[in-house]
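Analysis of the macromolecular model
One letter stands for each residue in the lines below.
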Amino acid sequence: MKLLSPLEKVTHPLFTEHQLNIFIKRDDLIHPIISGNKWRKLKGNISQAKKVKATGILSFGGAYSNHIHALAYACQQQGLKSLGVIRGEVAYQHNYTLSWARHWGMELKFVDRMTYKRRDESAYLNELAAQYPNYFIVPEGGTNEFALSGLADMMAELNQQIEFDTLMMPVGSGGTISGIIDADNNAHKILGVAVLKESEYLHKRISSLLSQPTKSCSNWQLLSNFHRGGYAKFSIEDAKRIIEFSRITQIPLEPVYSGKMVLALLDLIAQGYFKKGHTIVLLHTGGIQGLGGMAEQQRINATQWPVPSAPPAQ
Ligand SMILES: *Cc1c(COP(=O)(O)O)cnc(C)c1O
C-alpha cells in the first residue's frame, strides 16, 4: 500500500488577495478505498491486533461510518475478520457504506441507540469480549492510543514535503488531531475544526490521548463555531460554497468533514485571521465514500459531487 500522500498547492482568488500560501496534504489519495485519516488510525490498531494474536477486529459506528467502511476493507486485506457494531436498524445493511462493508466480509451487529450509547462502558465491552473472544476491540472512529503512530507517520512525511506555519484539519472524535499534536511537539500551529456541536468535551478527550510531554503544549486550538448546525448537517448555501471551492481548485470534497474545514478556512481568511505570507496546510482526511450514502438518501445532488462507484449487487 502506497503511503506517502502528495502535497498540492491550492490556488484560489481569496488566497491571492490575502497573500496566503495554501497547500493540501492529499491523504484522500493514499488508496482508492481506504483513504484518509481512517487508514492512518487503523494502521497501529491492525499491528496491535496481530501482536495480541486476535483473529479479527470489532468496532463501532453509525450506518454511514467512514471508519466502518475502512475497517472492513483493511481487515479483508490483512486476513483478519471484522465485526461492526452498528447503531440502528438491520435495514441499513443495504445502504451504500454497509453494502461495501459486507462485500469485504464484515459481519454486522445492529444495536439500538440505548445500547450503542454504552460503546465505551467497560461492562458492555466485557460482554462483547466474552461473546467475541478472539476479537481486538477498537473504539468508534478508531480513536485510541494505537491510532496515534499513523498520524506521526503523516507528520514525518509532511515535514519532509514543506515548511509551514499552520496545519488545519476537521475534528470528529479527536484521534487525528491528538496524533498530530503529539507528533508535532510544539513546532507549528495546529488548528482543528470541530464538525459537531458542543465540542468542548473534546479538549479532555484530546488531552487524555496525548503523551505526557505534549499534554502541556498550547500550540493547538479547537474551533467550535464552524459545525454548521451539527454533525453531518449543512445548509444549501454551505453545499454551494463547497461545490464552488471544489470547482475552482479541483479538490474533491464532502460536506461532513473536509467541506467544513474549507468553509472554516474561507471564513477565517475573510475575517483577517491569518497574517500575510502565512503558509497553511490543510489535511484532506478523505471520507469521500460518505457521499455514496448521502446521494442514496437524496441529501445531495449526485451530479454536483464526486460520488464514488456503487457497491456490487448482492
Ligand atoms: C473520522 C473523520 C474525521 C475526524 O477524525 P477524528 O480522528 O475522529 O477526529 C475527519 N475526516 C474524515 C473524512 C473522517 O472520516
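Rules used throughout
Residues numbered from 1 in each chain as written. Predicted model: local features only at pLDDT ≥ 70, side-chain atom pairs only at ≥ 80, totals over all residues. Heavy atoms only, no water. Helix = DSSP H or I, 4+ residues; strand = E, 2+ residues; numbered from the N terminus. Rg over C-alpha atoms; globule rule 2.2 N^0.38 Å. Buried < 20%, exposed > 50% of the residue type's maximum accessible area, 1.4 Å probe, protein only. Contact = heavy atoms within 4.5 Å. Phe/Tyr/Trp six-rings, centres within 6.5 Å; stacked < 30°, edge-to-face > 60°. Near = heavy atom within 4 Å. Polar contact = N/O pair within 3.5 Å; in protein donor to acceptor, adjacent residues only side chain to side chain. Areas by Shrake-Rupley, 256 points an atom, 1.4 Å probe, with all protein chains shown as cover. 1 Å grid on protein atoms, 1.4 Å probe; cavity = no way out; pocket = protein on both sides within 12 Å on 5 of 7 lines; lining within 4 Å. Points joined across faces, edges and corners; volume = space filled by probe spheres on them. Nonpolar A, V, L, I, M, F, W, Y, C, P; charged D, E, K, R; others polar.

Considering the overall build of the chain
Helix and strand counts for the chain stand at 12 helices and 10 strands. For 314 residues, the compact-globule estimate of 2.2 N^0.38 gives 20 Å, and the chain sits close to it at 19 Å. Taking the principal axes of the C-alpha coordinates as reference, the chain spans close to 60 × 45 × 35 Å. Buried residues in the chain amount to 56% of all 314 residues. The contacts of the chain with a sequence gap of at least 6 include a subset with a gap of at least 24, amounting to 74%.

Notes on the packing of aromatic side chains
Working definition: an aromatic ring pair is given by the centre-to-centre distance plus the angle between the planes. Summed over all chains, the structure comprises eight aromatic pairs. Note on Tyr73 and Trp104: the rings are 5.1 Å apart at their centroids and 75 degrees apart in plane angle, and the pair reads as edge-to-face. One end of the pair, Tyr73, is in helix H3 (residues 66–78); the other, Trp104, is in the loop between helix H4 (96–103) and strand E5 (107–111), with 31 residues separating them in the sequence. Of the two residues, Tyr73 and Trp104, both sit in the buried class. Taken together through their ring pairs, the aromatic side chains of Tyr73, Trp100 and Trp104 make up a single cluster.

Regarding the site of the ligand
Around the ligand sit 16 residues, and of these Lys38, Lys41, Ser173, Thr176 and Thr285 come closest. One of the side-chain nitrogen or oxygen atoms of Lys38 is found 2.7 Å away from an oxygen atom of the ligand. Residue Lys41 places a side-chain N or O atom 2.7 Å away from an oxygen atom belonging to the ligand. Within the complex, 97% of the 380 Å² of free accessible area of the ligand lies under protein. Of all the secondary-structure elements, those providing two or more residues to the shell around the ligand are helix H2 (36–51), strand E7 (166–171) and helix H8 (175–184). Here the shell around the ligand gets three residues from one element, more than from any other, and that element is H2.

Topic: the layout of surface pockets
Size it by volume and the largest pocket reaches roughly 1300 Å³. Taken together, 47 residues line the largest pocket, and the ones lying closest to its centre are Gly62, Arg87, Glu140, Tyr231 and Tyr257. If you list the elements that add at least two residues to the lining of the largest pocket, you get H2, strand E3 (56–61), H3, helix H5 (113–116), E7, H8 and helix H12 (290–296). Its residues assigned to classes, the lining of the largest pocket comprises 16 nonpolar, 18 polar and 13 charged. What the second largest pocket holds in volume is close to 370 Å³. What lines the second largest pocket is a set of 25 residues, and nearest its centre among them are Pro32, Ile33, Ile288, Gln289 and Pro308. For the lining of the second largest pocket, the secondary-structure elements that each account for two or more residues are H2, H3 and H4.

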